[in-house]
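What follows is the residue order along each chain.
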Amino acid sequence: MDLTDLTVLYRGPLASCDYDCPYCPFAKRRDSTAQLRADRAALERFVAWARGPHGHRLSVLFTPWGEGLTRSWYRRALVELSHEPHIGRVAVQTNLSCRTDWLARAEADTVALWCTYHPGQTPYERFLGRTHRLSDLGIRFSVGVVGLPGHLDHARRLRADLPSHVYLWINAAEGHTYTDEQAAEWTALDPLFPYSRHPHRSAGLPCRTGRSVISVDGEGTVRRCHFVRTELGNLYDGSYRSALAPRPCPLTACDCHIGYVHLETLPLYDVFAGGVLERVPHAGALPHRPLLPLLPTATG
């Protein structure tokens, strides 16, 4: 049977985190025992589906509201799915607060981490040490920082200390505007920062979401992405299948990387070829000079 390519962004009910970042609404939030059990059951159901049969070549990105890797069931899910031959990539967004030795049991060519460094939330040397351990294990990963003014020196230090092959991304802070001078400072660290600086116009534009990319919640409800609430069916009864089709974006703008990376009007599938989910550009993709002036697709 011919398999179709499908990327799944999974976000279950987990909403607890061990950090208290002031820019995050889920900081230091605690899930009850019942909520954790429900999240575990939902994730295990999804993993059982992902292991097949379903007729897809899968790529999976876990995007929990909280921190997933402090929970054993997320670590186990990544290890198990990494060994499935029909899964090309399984990745997770994480603050890297957990130990990394468990990744030695995963298939290094398949598993990947999208790591965010939060200054003031964890000792710098501990975070840096874990990135070097990931490199030692041969795990694909990127590291990033929210582009707040107080984070600039931290990001510069991180860039200097990270393994040279590791991409350091910078996310424009929500609600924050940047002068050209400020943007140039961030772009010197992340040549792709101009893609993040402004929301991208997306209304009516073609996007891979809803066709080859879907969002799935803990109940199995399928949507085109995390940001469009229209339901396309359910993963577990197969009703999503008939809804997979090209469709333009219904929103005015898209301002999150896990959304706009899938816009067909942007070249990011070429930039991140082989590393779209974990935000790892392919070798040679990064320009040697900052991407200024701003891209014409950005709103101003």
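On a predicted model such as this, the values are computed, not experimentally measured, just so you know. Note that residues are indexed from 1 along each chain, following the sequence as it is written. pLDDT decides what is reported in this predicted model: residues at 70 or higher carry local features, side-chain atom pairs at 80 or more are listed and counted, and totals for whole chains, interfaces and linings draw on all residues regardless. Note that the side-chain values use all heavy atoms of the structure and ignore hydrogens as well as water.

Our next topic: the state of the cysteines. Put simply, a disulfide is two cysteine sulfurs that come within 2.5 Å. Counted under the stated rule, the structure contains zero disulfides. Looking at the unpaired Cys98, the closest cysteine sulfur is the one in Cys115, lying at 9.1 Å. Exposure remark for Cys98: the relative accessible area of 9% places this residue in the buried category. Each residue gets one of three labels from its accessible area relative to the maximum for its type: buried under 20%, exposed over 50%, partly exposed in between, using a 1.4 Å probe on protein chains only.

The next thing to look at is the confidence of the model for the protein chain. Taken residue by residue, the protein chain gives an average pLDDT of 92. The fraction at 70 or more is 91%. One confidence number per residue, pLDDT, is output by the predictor and ranges from 0 to 100. Note on definitions: a residue-residue contact is assigned when non-hydrogen atoms from the two residues lie within 4.5 Å. Counting interchain partners and residues more than four positions distant, the pLDDT-below-50 stretch residues 289-300 has 27 contacts.

With that settled, consider the nonpolar core. Residues Phe46, Phe62, Leu103, Leu113, Val143 and Leu158 are the most contacted members of the largest nonpolar core, which totals 63 residues. Per-element tally for this core: the top contributor is helix H1 (residues 33-50), with seven residues. In contact with Phe46, not counting residues within four places along its chain, are Val8, Tyr10, Val60, Phe62, Leu235 and Tyr236. Among buried residues, those of type Ala, Val, Leu, Ile, Met, Phe, Trp, Tyr and Cys that are joined through side-chain atoms within 4.5 Å constitute a nonpolar core. If you look at the next biggest cluster of nonpolar residues, it comprises 23 residues, including Ala91, Tyr195, Cys207 and Val213. Every helix listed is a DSSP run of H or I at least four residues long, and every strand listed is a run of E at least two residues long, numbered separately from the N terminus.

Here we come to unusual backbone geometry. Trans peptide bonds make up the majority, and among non-glycine residues the majority have a negative phi. For the bond running from Gly52 to Pro53, omega is 5 degrees, close enough to zero to count as cis. Inspection of the secondary structure assignment puts Pro53 in the loop between H1 and strand S2 (56-62). A positive phi angle, near 60 degrees, is found at Leu96, a position not held by glycine.

Before going further, it helps to examine the packing of H1 against helix H2 (residues 72-82). To obtain an axis, a line is fitted to C-alpha atoms, over the contacting stretch when the element is a helix, and the angle between two such axes runs from 0 to 180 degrees between their N-to-C directions. Between H1 and H2, the least distance of the axes is 10 Å, while the angle of their chain directions is 5 degrees. By the angle between their directions, the pair H1 and H2 is classed as roughly parallel. Together, Leu36, Asp39, Arg40, Leu43, Glu44, Val47 and Ala50 of H1 and Trp73, Tyr74, Arg76, Ala77, Glu80 and Leu81 of H2 make up the contact between the two elements. Throughout, the ten residues Ala, Val, Leu, Ile, Met, Phe, Trp, Tyr, Cys and Pro are labelled nonpolar, Asp, Glu, Lys and Arg are labelled charged, and all others, Gly among them, are labelled polar. Taken together, the residues that form the contact of H1 with H2 break down as eight nonpolar, no polar and five charged. Between 65 and 115 degrees an angle is taken as roughly perpendicular, under 35 as roughly parallel, over 145 as roughly antiparallel, and anywhere else as oblique.

Attention now goes to the pattern of salt bridges. Think of a salt bridge as a Lys or Arg side-chain nitrogen and an Asp or Glu carboxyl oxygen that are within 4 Å of each other. Tallied over the full model, the rule gives 15 salt bridges. Salt-bridge contacts for Asp101 lead to Arg133; the nearest nitrogen and oxygen are separated by 3.2 Å. Taken as a pair, Asp101 in the loop between strand S3 (87-94) and strand S4 (111-116) and Arg133 in helix H3 (residues 124-137) lie far apart in primary sequence, 32 residues in all. The network of salt bridges with shared partners includes Arg40, Glu44 and Arg76.

Pairing between strands is defined by DSSP: at least two bridges between the two strands are required. On the basis of which strands lie adjacent, the open sheet formed by nine strands has the order S6-S5-S4-S3-S2-S1-S9-S10-S11 and mixed pairing. Only two strands of the sheet have a single neighbouring strand rather than two, namely strand S6 (168-171) and strand S11 (228-234). Averaged over all neighbouring strand pairs, the angle between strand axes comes to 30 degrees, with direction disregarded. Packing against the sheet, helix H4 (residues 152-161) makes contact with strand S5 (140-146) and S6, and its axis sits at approximately 165 degrees to S6.

In this analysis, rings of Phe, Tyr and Trp, with Trp reduced to its six-membered ring, are considered paired at centre separations within 6.5 Å, and the interplanar angle assigns stacked below 30 degrees, edge-to-face beyond 60, and tilted for intermediate values. Counted under the stated rule, the structure contains eleven aromatic pairs. Relative to Phe127, the ring of Tyr117 lies with its centre 4.9 Å away and its plane at 45 degrees, an arrangement referred to as tilted. Taken together, the residues span a long stretch of sequence, with Tyr117 in the loop between S4 and H3 and Phe127 in helix H3 at a distance of ten residues. Each member of the pair, Tyr117 as well as Phe127, is classed as buried. Ring pairing ties together the aromatic residues Tyr10, Phe46, Trp49, Phe62, Tyr74 and Tyr240, which thus form one cluster.

Turning our attention to the environment of Val79. Residue placement: Val79 occurs in helix H2. It is 16 Å that separates the C-alpha atoms of Val79 and Thr63, two residues lying 16 residues apart in sequence. Aside from chain neighbours lying at most four places away, what touches Val79 is Trp102, Arg105 and Ala106.

With that settled, consider the pairing of S4. Side chains on a regular strand alternate between the two faces of the sheet. Of all six residues that make up S4, six are buried, and the element is covered over most of its length. Burial along S4 is two-sided: Val111, Leu113 and Cys115 and Ala112, Trp114 and Thr116, pointing in opposite directions, are all buried. The pairing of S4 with S5 spans five bridges and is parallel. Bridging from a neighbouring strand, Ala112 pairs with Arg140 of S5. For the handedness criterion, the strands are oriented away from the viewer, and a crossover whose path from the first strand over the helix to the second runs clockwise is classed as right-handed. Crossover connection from S4 via H3 to parallel S5: handedness right-handed.

Now for helix H5 (residues 180-189). Listed as buried for H5 are Ala183, Trp186, Thr187 and Leu189. Each buried residue of H5 lies within a common arc of 150 degrees when the element is viewed along its axis, so the set occupies one face. The outward face of H5, more than 90 degrees from its buried face, is lined by the exposed residues Asp180, Glu181 and Ala188. Those residues of H5 hidden inside the fold are in contact with H4, S6 and helix H6 (193-197). The reported arc concerns the directions from the helix axis to the C-beta atoms and nothing else.

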